[in-house]
Amino acid sequence: TSIYDDNLAGEAIIPFLSKEDTRLLNYAVEQAVLIHHEQKSQNQRVHRISISGGYVYEYYSTRLKTVYKIKNKTSAEKTLYLDHPKLAEYKFIEKPVEPEETENYWRFKLTLKPKDAISFKVREERENYSSFYVWNWSRDDIIKKVEFYLEQKFINEQLEIQLKDVGELIGQKNELASKKSKLEEEKYQMTNAQARIRENIKSLGKSSQELSLREKYVKKFGIQEEKFE
């Protein structure tokens with residue numbers, strides 16, 4: 001129980017402490033100090049790449065900006081301990097004061113003047129990446145990527161040649177796949193046509209007119225069979 005100016009200020013349960021250990025305790029809500037925070041995340045441009053196992057990894061930075069808008073409505077000076085959550089792999093690129101490190105937070109100690117209103121800004125950054133399987137790209141995709149990588153000096157001339165060779169192979173592969181697809185469709189259509197010719201031949205009788213038509217169907221079937229093979 002906390003007593004301030006002979007009045008009850010609040011209550012808190014003290015956790016287990018080791019010898020010479022210190023801990024801040026939240027025992028009451030300060031209604032006169034208002035805090036509002038905003039957070040924005042933004043991805044930066046690719047700054048390096050790596051290639052392994054047919055995959056291209058493009059690395060970029062993600063920047064996180066947190067703004068704490070703090071207002072002291074009292075006529076007294078206040079000491080504020082601001083706990084900023086620790087985020088995995090993020091590192092500070094801007095912090096107004098050096099924080100104390102706790103298990104889950106970065107703790108900033110601030111002094112608020114009477115009737116003071118401030119903006120406390122923290123900027124953090126981490127490296128992320130996107131991965132792409134080269135063989136899922138088209139030839140044009142690779143050419144565009146190579147031009148970008150060269151412009152940014154991510155690759156040398158040897159790797160440029162290798163990637164362009166891959167691009168040409170992908171172009172040939174896609175062209176062959178397109179031809180294969182067309183041939184398979186043509187084969188499917190011919191199979192159906194041959195089935196219809198067989199049915200027509202079976203339905204014909206032995207009149208001279210039907211024999212002539214049978215000969216026509218057999219000839220057509222033979223032409224299709226050669227093409228089919």
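The structure reproduced in this document is the subject of the present report. (Residues numbered from 1 in each chain as written. Predicted model: local features only at pLDDT ≥ 70, side-chain atom pairs only at ≥ 80, totals over all residues. Heavy atoms only, no water.)

## Some words on the nonpolar core
As a reminder, the rule being used: By nonpolar core is meant a set of buried Ala, Val, Leu, Ile, Met, Phe, Trp, Tyr and Cys residues that side-chain atoms within 4.5 Å join together. Only protein chains enter the accessibility calculation, which uses a 1.4 Å probe; a residue is then buried when its area is under 20% of its type maximum, exposed when over 50%, and partly exposed in between. To qualify as a helix, a DSSP run of H or I must reach at least 4 residues; to qualify as a strand, a run of E must reach at least 2; elements of each kind are numbered from the N terminus. By definition in these notes, contact holds between two residues if any of their heavy atoms fall within 4.5 Å.
By size, the foremost hydrophobic cluster in this structure holds 12 residues: Val46, Ile49, Val56, Val134, Trp137, Ile142, Val146, Tyr149, Phe154, Ile155, Leu163 and Ile170. Those elements giving two or more residues to this core turn out to be β3 (33-52), α1 (139-151) and α2 (157-203). The leading source of residues in this core is α1, at 3 residues. Residues contacting Val46, with those up to four places away along its chain left out, are Glu58, Tyr59, Tyr60, Phe148 and Phe154. Membership of the second largest hydrophobic core comes to 10 residues, among which are Tyr68, Leu80, Leu110 and Leu112.

## Looking at the side chain of Thr74
So the rule is basically this: Here a polar contact means two N or O atoms within 3.5 Å. Within protein one must be a hydrogen donor candidate and the other an acceptor candidate, and residues neighboring in sequence count only if both atoms are side-chain atoms.
Checked against the element boundaries, Thr74 lands in the loop between β4 (55-72) and β5 (78-85). On the basis of relative accessibility, which here comes to 16%, the residue Thr74 falls in the buried class. For Thr74, the side chain forms a polar contact with the side chain of Asn72, separated by 2.7 Å. With residues near it in sequence (within four places) discarded, Thr74 still touches Ala32, Pro114 and Lys115.

## Some thoughts on the sheet that holds strand β9 (residues 117-133)
For clarity, the cut-off: Note: two strands are recorded as paired if DSSP finds a minimum of 2 bridges between them. All axes here are fitted lines through C-alpha atoms, helices being fitted over the stretch that makes contact, and every angle between N-to-C directions spans 0 to 180 degrees.
Spatial strand order, β3-β4-β9-β6: 4 strands in an open sheet with antiparallel pairing. One side of each edge strand has no neighbouring strand; the edge strands of this open sheet are β3 and β6 (91-94). Geometrically, the sheet is characterised by an average inter-axis angle of 25° between neighbouring strands, direction not taken into account. Across 17 bridges, β4 lies against β9 in antiparallel orientation. Bridging across to β9, Tyr60 finds its partner in Asn128.

## Observations concerning unusual backbone geometry
Across the chain, the bulk of peptide bonds are trans and the bulk of non-glycine residues have phi less than zero. The backbone of Glu89 shows a phi angle near 70°, a positive value even though the residue is not glycine. Relative to the helices and strands, Glu89 resides in the loop between β5 and β6. The class for Glu89 is exposed, based on a relative accessible area of 57%. The phi torsion at Lys115 lies on the positive side, around 60°, for a residue other than glycine. As for its placement among the helices and strands, Lys115 is situated in the loop between β8 (105-112) and β9. The class for Lys115 is exposed, based on a relative accessible area of 57%.

## Some thoughts on α2
Counted only if it meets this: Take the number of residues in a helix, subtract one, and multiply by 1.5 Å to get its expected span.
If you check α2, its first and last C-alpha atoms are 69 Å apart, about what 47 residues at 1.5 Å a residue would give, namely 69 Å. The elements touched by buried residues of α2 are β3, α1 and α3 (208-228). Its side-chain oxygen 3.3 Å from the backbone nitrogen of Gln158, Asn156 forms the N-cap of α2.

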